[in-house]
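# Fold and contact review
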Amino acid sequence: MAGDEQRFKAAFDSLHALEYFAPEVEAAYVGAGLRPGRMPYFAGRGAAMGAVGPEVIAATFYNFNPDVIARTIPRAWTLATPEQVLEARLAGVDKALTRLLGDHVKSDEVAEAAELAREATAGCRGEGRPLYAAHAGLAWPGEPHLVLWHAVTLLREHRGDGHIAALVLEGLSGLEALVTHSATGRGFVTAAAKLTRGWSDEQWNAAESALTDRGLLDAEGALTDAGLAQRDRLEIATETAARGPWDHLGPEKTARLEGLCRGLSARVVDAGAFPAHVFALGRP
């Protein structure tokens, strides 16, 4: 895809990430047996990999506190099987998208976007991308709005796995990656990053101190020139690793898909898919 992280987020990411904030999705998980709170996120996103342990979730999700994950995984799998969790996830997303898109959920635009997005996923590769590969092994849903959601999920996880590889090469831990991304002003605000990812003030401050000692943050917690250069390298590496779907789709279809999904993303955001004061730019 021709573009950077913010273009991907503005056009596509909201169509996947809405599931983490939609009450319909949490209700579906709780109905399947999971406990409300953090458990639905870890089990819901990880269920495609099977009943894996907390170490696998921490490795593939990357920037969450492993201790927080261990409080809910593997207990989640004693309350609901991965298959039951996946079924609940799709049912909840169906209800959430129907609410957020309204009558537009059955529109020609959604159907066209679904077809193009599914075509784009044929350019994804699974080597070295465990979270993408797990989701790629799931059956495609039938309804166009769910096909679109699943396709965007594949594109997101494919991109995310490549991004984690770049973070590893740059020597950033999950927490350090979260700190430097928050410092760009293009992701979570700091308070939301700590809360949602389960890091204490002491852990966050220690990471900031370590990054300052390495010359990546200044005394005020802002990115230094070296820190900005590192974030630029990370974005370039992530974009390079994520090119497969867009090269496969071609520039004209990619531009059309981006335009369609940008409009659909704006609809779900305007409909209140995400709470205020969580993301620095108002959406994931």
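Notes on the structure follow. As the structure is a computational prediction, the values presented were derived from the model and not from experiment. (Residues numbered from 1 in each chain as written. Predicted model: local features only at pLDDT ≥ 70, side-chain atom pairs only at ≥ 80, totals over all residues. Heavy atoms only, no water.)

### Comments concerning the overall build of the protein chain
When you go through the protein chain residue by residue, the secondary structure sums to 16 helices and 0 strands. Its C-alpha atoms give the protein chain a radius of gyration of 18 Å, near enough to 19 Å, the size a compact globule of 284 residues would have. If one aligns the C-alpha atoms of the protein chain with their principal axes, the spans along those axes are about 55 × 45 × 35 Å. Looking at the protein chain residue by residue over its 284 residues, the buried ones come to 52%. Counted over contacts in the protein chain with a minimum sequence separation of 6, partners at least 24 positions apart contribute 76%. If you sum the accessible surface of the protein chain, you get close to 12,200 Å²; carbon and sulfur atoms cover 54% of it. (Helix = DSSP H or I, 4+ residues; strand = E, 2+ residues; numbered from the N terminus. Rg over C-alpha atoms; globule rule 2.2 N^0.38 Å. Buried < 20%, exposed > 50% of the residue type's maximum accessible area, 1.4 Å probe, protein only. Contact = heavy atoms within 4.5 Å. Areas by Shrake-Rupley, 256 points an atom, 1.4 Å probe, with all protein chains shown as cover.)

### Thoughts on the layout of surface pockets
Taking a probe equal in size to a water molecule and rolling it over the atoms shows the remaining empty space. Its boundaries defined by the atoms lining it, the largest pocket holds a volume of some 1,300 Å³. Around the largest pocket sit 46 residues that line it, and Tyr 41, Arg 45, Arg 156, Phe 188 and Arg 197 are the ones nearest its centre. When contributions to the lining of the largest pocket are tallied by element, the ones reaching two or more residues are helix H1 (5-17), helix H2 (23-32), helix H3 (39-46), helix H4 (54-61), helix H10 (144-169), helix H11 (174-183), helix H12 (190-197) and helix H14 (225-241). The dominant element in the lining of the largest pocket, judged by the number of residues it contributes, is H10, at 8 residues. Its residues assigned to classes, the lining of the largest pocket comprises 22 nonpolar, 9 polar and 15 charged. Here the second largest pocket is characterised by a volume of approximately 180 Å³. Lining the second largest pocket we find Leu 86, Arg 89, Leu 90, His 135, Leu 138, Ala 139, Trp 140, Pro 141, Trp 149, His 150 and Thr 153. Within the residue set of the lining of the second largest pocket, elements represented by two or more residues are helix H7 (82-101) and H10. (1 Å grid on protein atoms, 1.4 Å probe; cavity = no way out; pocket = protein on both sides within 12 Å on 5 of 7 lines; lining within 4 Å. Points joined across faces, edges and corners; volume = space filled by probe spheres on them. Nonpolar A, V, L, I, M, F, W, Y, C, P; charged D, E, K, R; others polar.)

### Some remarks on unusual backbone geometry
Cis geometry marks the peptide bond from Ile 73 to Pro 74; its omega dihedral reads 15 degrees. Structurally, the position occupied by Pro 74 is in the loop between helix H5 (66-70) and helix H6 (75-79). Even without glycine at this site, Tyr 62 takes up a positive phi of about 80 degrees. Position of Tyr 62 relative to the elements: it lies in the loop between H4 and H5.

### Describing H3
Taking burial as the measure, the 8 residues of H3 include 8 buried ones, the bulk of the element. When we look at burial in H3, the residues that qualify are Met 39, Pro 40, Tyr 41, Phe 42, Ala 43, Gly 44, Arg 45 and Gly 46.

### A few points about the packing of aromatic side chains
As enumerated under the stated definition, the model contains 9 aromatic pairs in all. With centroids separated by 5.7 Å and ring planes inclined at 75 degrees, the aromatic side chains of Tyr 41 and Phe 42 adopt a geometry described as edge-to-face. Overall, the relative accessible area of 17% leaves Tyr 41 in the buried class. Ring centres of Tyr 41 and Phe 64 lie 5.1 Å apart, and the angle between their planes is 35 degrees; this geometry places the pair in the tilted category. Here Tyr 41 is found in helix H3, whereas its partner Phe 64 is found in the loop between H4 and H5, with 23 residues between them in sequence. Each of the two residues, Tyr 41 as well as Phe 64, counts as buried. Above the face of the Phe 61 ring, Arg 45 is positioned so that its terminal group lies 4.4 Å from the ring centre. When the ring centre of Trp 140 is taken as origin, the NZ or CZ atom of Arg 118, which lies over that ring, is 4.3 Å away. (Phe/Tyr/Trp six-rings, centres within 6.5 Å; stacked < 30°, edge-to-face > 60°. Lys NZ or Arg CZ within 6 Å of the ring centre and 35° of its normal.)

### As for empty space enclosed by the protein
Throughout the structure, instances matching the rule amount to 1 cavity of 30 Å³ or more. By volume, the largest cavity is sized at about 40 Å³. Taken together, Leu 15, Leu 97, Leu 101, His 145, Leu 148 and Trp 149 form the lining of the largest cavity. Breaking the lining of the largest cavity down by element, the ones donating at least two residues are H7 and H10. Tallying contributions element by element places H10 first for the lining of the largest cavity, with 3 residues. Of the residues that constitute the lining of the largest cavity, the class distribution is 5 nonpolar, 1 polar and no charged.

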